[in-house]
Amino acid sequence: MKYFLFFIALLCITVSFSQSNTFEISGTVVSADDKMPLESATVHLERIKDSTVVTYTITDKNGKFFLKDNLSDTTVNLYVSYVGYRTYLKKVTLNQNFIHLNTLELEVNSSALNEVLITSQAPITIKKDTLEFNVKSFKTKKDATVEDLLKELPGVEVDESGKIKVNGKEVSKILVNGKPFFGDDPTITTKNLTKEIIDKVQIVDSKTKSEAFTGEVTDGEEKTINLTISEEKNKGVFGRVAAGGGTDQRYEFAGMLNYFNNDQRVSVLAGGNNINSPGFSFGEIRKMFGNINSMSVSSNGTFTIDGRTFGGGAGITKSQNAGANYADVIGEKTDISADYFYSGSNSENQTATQRENILPDSRYYTNSTSSSYNDSGSHSANIGFDIEIDSTLLINVDPSFRYSKSQNTYTGYEASLNNSKVLTNESHTNSQVENVATNFTNKLNVTKKIWK
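Residues numbered from 1 in each chain as written. Predicted model: local features only at pLDDT ≥ 70, side-chain atom pairs only at ≥ 80, totals over all residues. Heavy atoms only, no water.

S.K.: Mind laying out the side chain of Thr218, listing which residues take part and the relevant values?
M.R.: If you trace the backbone, Thr218 turns up in the loop between α4 (209-214) and β15 (222-229). Leave out the neighbours within four places in its chain, and Thr218 touches Asp205, Ser206, Lys207 and Glu211. (Helix = DSSP H or I, 4+ residues; strand = E, 2+ residues; numbered from the N terminus. Contact = heavy atoms within 4.5 Å.)

S.K.: Outline the packing of aromatic side chains, supporting the account with residue identities and numerical values.
M.R.: The full count for this structure, using the stated rule, is five aromatic pairs. Consider the rings of Tyr56 and Phe133, whose centres lie 6.0 Å apart with planes at 90 degrees: the pair is edge-to-face. Here Phe133 lies in strand β9 (residues 130-134) and Tyr56 lies in strand β3 (residues 53-58), a separation of 77 residues in the sequence. Phe133 shares its class with Tyr56; the two are buried. Between Phe133 and Phe138, the aromatic rings sit 5.8 Å apart at their centres with planes inclined by 70 degrees, giving edge-to-face as the arrangement. Like Phe133, the residue Phe138 is buried in the burial classification. (Phe/Tyr/Trp six-rings, centres within 6.5 Å; stacked < 30°, edge-to-face > 60°. Buried < 20%, exposed > 50% of the residue type's maximum accessible area, 1.4 Å probe, protein only.)

S.K.: Describe the pairing of strand β5 (residues 75-81), and please don't skip the residues or the numbers.
M.R.: Most of β5 sits out of view: six of its seven residues are buried. In this structure, strand β2 (residues 42-47) lies alongside β5, joined through six bridges in antiparallel fashion. Paired with Thr42 across the bridge in β5 is Ser81. Two strands pair when backbone bridges link them, and β5 and strand β6 (residues 88-93) are joined in this way by six bridges, in the antiparallel orientation. Considered in β6, the bridge of Leu78 is made with Lys90. Here β5 folds back onto β6 in antiparallel fashion, the turn holding six residues, of which Gly84 has a positive phi close to 90 degrees. (Pairing = 2+ DSSP bridges.)

So this is what it looks like as structure tokens:
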């Protein structure tokens with residue numbers, strides 16, 4: 001008995017030491033030569049054992065910073081970085097809830113002409129309205145996608161539907177090297193591009209092309225993520241392919257191929273399965289089914305769209321998708337981007353039910369069968385022309401086309417029999433519904449800068 005109590009006590013002690021403790025760290029960053037405060041210096045904490053970024057912030061106009069988080073580690077590394085200054089490193093012991101570091105002095109990063117200076121790049125940099133993450137500083141699984149990477153970045157949240165938030169603000173679009181990638185659905189990019197080709201993740205306030213051209217300040221309620229491709233990967237061919245098969249002729253495949261040549265970019269992707277997996281993101285499903293009254297995702301990953309279930313529902317669902325993206329610079333004044341995406345789904349379900357109904361003085365029987373078949377598909381295409389006539393005049397032309405079609409067929413039969421199993425009534429049900437939606441839009445926008 002005493003050994004059992006000792007084991008319980010030891011377990012409680014272990015659990016208590018493994019619990020996360022809340023800590024707050026504050027301080028002031030100044031220049032070592034003139035003792036002036038440094039505004040917008042990046043301050044971040046890293047775990048010592050694996051260099052994982054814990055949290056980050058920037059200094060205010062007085063050089064002050066404040067960090068708050070929960071961590072079970074007893075010590076962390078605090079880094080302070082500022083353009084033109086040497087990176088400051090300090091080991092901080094988390095032995096109390098409130099830690100004030102007083103004044104931290106950064107030295108000017110100067111070196112002799114014959115001296116080679118090697119410095120490590122900060123994992124997080126904040127430049128005015130741009131938050132930048134150095135991808136190499138964040139560890140992920142092998143062959144991780146951009147979505148896997150985003151989940152590791154502090155302040156970034158990705159839910160089960162693929163929607164992204166940065167510090168509570170929703171991400172409305174994702175760019176690759178500053179240009180659109182497969183239209184206006186960010187999840188196509190995050191679920192198909194791999195982390196290995198990405199150099200930096202930049203997060204800025206979402207702006208229209210006109211706002212970006214004029215430098216107009218927005219409310220910052222929506223964010224845009226720009227993925228910059230590393231220089232060595234921005235020229236060449238690369239991709240990824242995955243496929244699997246199983247019993248009962250079950251299969252699943254997905255692949256993406258990219259050709260990058262500096263400003264020119266061509267990407268194609270395709271995928272399909274018959275294992276009741278949607279194979280699509282929420283944005284792709286909206287394109288595939290057109291107008292949707294209700295759509296939800298459960299905790300186990302099951303999608304329900306207007307009563308139709310993918311992944312875990314009855315019947316067999318086949319899904320397929322394919323797309324292409326093109327971006328280039330024509331001459332010196334025109335940027336062009338174009339994309340096409342196809343999404344399709346076929347589902348078949350057959351049921352048979354035999355029921356015996358027992359009443360106080362008799363019983364009767366009900367037999368029913370049903371068969372349903374659903375076929376849906378959509379095509380979407382977008383083209384964008386950005387023509388910068390000069391430094392003061394920008395013309396944007398953005399035509400867009402959508403086409404979707406769905407067919408639903410249902411056949412049902414039900415028969416009731418009395419106690420002697422003699423047919424008393426029967427019913428037949430047949431229905432066929434077809435929906436077709438076509439949409440074309442074209443936006444023309446002219447922006448002129450005027451200086452007084």
